[in-house]
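Coordinates in review
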Amino acid sequence: MSKKEETLRGVLDSEEKIAHWGTIGVALIVGLITLFIFLFVWRKGRVSRRGICLVGLCESGKTLIFSQLIYKKAVESFTSMKENIGVLDIANKGTLKLVDIPGHERVRQRFFDSYKNTARGIVFVLDSFSVNKDIRDVAEYLYTILSDPVVSSNKPQVLILCNKQDHPLAKGPQVIQSVLEKEMNVLRNTQTNQLEAVAEGGNRKSFYLGQEGKNFEFADIRSLRVEFAASSAQTEDFENLKKWLQSVA
């Protein structure tokens with residue numbers, strides 16, 4: 001190979017190296033920009049989700065809890081067909097938008113759909129005294145919320161608040177969790193069988209709540225952190241709820 005050809009080959013090699021590193025550089029820049037956009041959107045979404053949804057059946061004590069937290073006093077409540085909204089100041093954490101979702105079966109899903117996208121946390125309030133009587137309705141409503149695609153995607157923290165602990169015959173949070181898990185297991189099996197019967201070829205495409213192959217447990221819901229706590233709206237015992245709100249904020 002002549003000296004001229006060697007020189008030309010060297011120039012071509014240099015250009016190839018420059019092009020190669022240029023491609024790597026462009027890829028790195030594109031990757032960094034993509035990462036920046038992702039972090040920006042994720043942070044913006046997290047910051048914008050400052051809502052706390054109070055949900056539960058009628059007469060669970062939601063509205064009394066709402067009024068005690070927002071107005072610092074008990075407000076006479078009744079079965080409402082619209083939401084209550086208030087702003088809750090959390091020390092060193094800013095504010096949270098507290099939304100009391102109506103418990104009436106006819107309207108609760110519509111209102112929950114309106115606020116679930118901005119929910120940073122969900123407080124499911126239940127009556128610890130009548131939970132055995134209402135267990136089916138409680139489980140069905142809770143199952144609907146936990147298996148909601150938006151809830152599963154946004155991953156808000158969930159607190160199951162066992163209210164009315166001042167009643168002498170009230171069940172404790174551990175007992176209620178156990179009873180709920182058994183009922184949720186029955187409900188999950190029923191709904192899964194129904195969905196499989198409807199789906200073409202028996203292929204299940206729906207969200208499966210918990211871990212397949214074992215009985216339902218709240219700890220097995222991978223996408224959500226579900227906690228239990230006790231409270232009494234009548235005696236203004238909200239210590240566990242306030243601690244939870246502080247951690248969520």
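Heads up: the structure comes first, above all this text.
Residues numbered from 1 in each chain as written. Predicted model: local features only at pLDDT ≥ 70, side-chain atom pairs only at ≥ 80, totals over all residues. Heavy atoms only, no water.

1. Let's talk about the packing of aromatic side chains
Counted according to the given criterion, the structure contains four aromatic pairs. Considering the side-chain rings of Phe216 and Phe218, the 5.1 Å spacing of their centres and the 80° angle between planes classify their relative orientation as edge-to-face. Each member of the pair, Phe216 as well as Phe218, is classed as buried. Members of the aromatic cluster, joined through ring pairs, are Phe216, Phe218 and Phe228. Here the guanidinium or amino end of Arg108 rests over the ring plane of Tyr141, the centre of that ring lying 4.1 Å away. (Phe/Tyr/Trp six-rings, centres within 6.5 Å; stacked < 30°, edge-to-face > 60°. Buried < 20%, exposed > 50% of the residue type's maximum accessible area, 1.4 Å probe, protein only. Lys NZ or Arg CZ within 6 Å of the ring centre and 35° of its normal.)

2. Some remarks on the pairing of strand β3 (residues 94-100)
When strand β1 (residues 51-56) meets β3, the two strands line up parallel, connected through four bridges. Along β3, the bridge assignment pairs Leu54 with Asp100. Across seven bridges, the pairing between strand β2 (residues 84-90) and β3 is antiparallel. Of the residues in β3, the one forming a bridge with Asn84 is Asp100. Two successive antiparallel strands, β2 and β3, enclose a turn made up of three residues, where Asn92 displays a positive phi of approximately 60°. (Pairing = 2+ DSSP bridges. Helix = DSSP H or I, 4+ residues; strand = E, 2+ residues; numbered from the N terminus.)

3. Let's talk about the layout of surface pockets
Considered as a void within the structure, the largest pocket measures approximately 340 Å³ in volume. When residues of the lining of the largest pocket are traced back to their parent elements, those giving at least two are β4 (119-127) and α4 (131-146). Counting residues per element, the lining of the largest pocket draws most heavily on α4, which supplies seven residues. Its residues assigned to classes, the lining of the largest pocket comprises six nonpolar, four polar and nine charged. (1 Å grid on protein atoms, 1.4 Å probe; cavity = no way out; pocket = protein on both sides within 12 Å on 5 of 7 lines; lining within 4 Å. Points joined across faces, edges and corners; volume = space filled by probe spheres on them. Nonpolar A, V, L, I, M, F, W, Y, C, P; charged D, E, K, R; others polar.)

4. So, empty space enclosed by the protein
The final tally for this structure, using the stated rule, is one cavity of 30 Å³ or more. Surrounding the largest cavity, Gly51, Ile52, Cys53, Lys97, Val99, Tyr115 and Thr118 form its lining. Among the secondary structure elements, those contributing two or more residues to the lining of the largest cavity are β1 and β3. Counting residues per element, the lining of the largest cavity draws most heavily on β1, at three residues. In terms of residue class, the lining of the largest cavity is built from four nonpolar, two polar and one charged.

5. Looking at the side chain of Lys62
Looking at where Lys62 falls in the secondary structure, it is placed in helix α2 (residues 62-71). A distance of 2.7 Å separates a polar atom in the side chain of Lys62 from the backbone oxygen of Ile101. (Polar contact = N/O pair within 3.5 Å; in protein donor to acceptor, adjacent residues only side chain to side chain.)

6. Comments concerning the environment of Arg49
Mapped onto the elements, Arg49 comes out in the loop between α1 (3-48) and β1. Considered as a pair, Arg49 and Lys116 are 67 residues apart in the sequence and their alpha carbons are 9.2 Å apart. If sequence neighbours within four positions are ignored, Arg49 has contacts with Asn117, Thr118, Ala119, Arg120 and Asn154. (Contact = heavy atoms within 4.5 Å.)

7. Overview of the pattern of salt bridges
Using the criterion set out here, one finds 10 salt bridges in the structure. Residue Asp148 pairs with Lys116 through a salt bridge whose shortest N-O separation is 2.9 Å. You can see Asp148 sitting in the loop between α4 and α5 (149-154) and its partner Lys116 sitting in the loop between α3 (108-115) and β4, a full 32 residues away along the chain. Classification of Asp148 by relative accessible area gives buried; the value is 7%. (Salt bridge = Lys/Arg side-chain N within 4 Å of Asp/Glu carboxyl O.)

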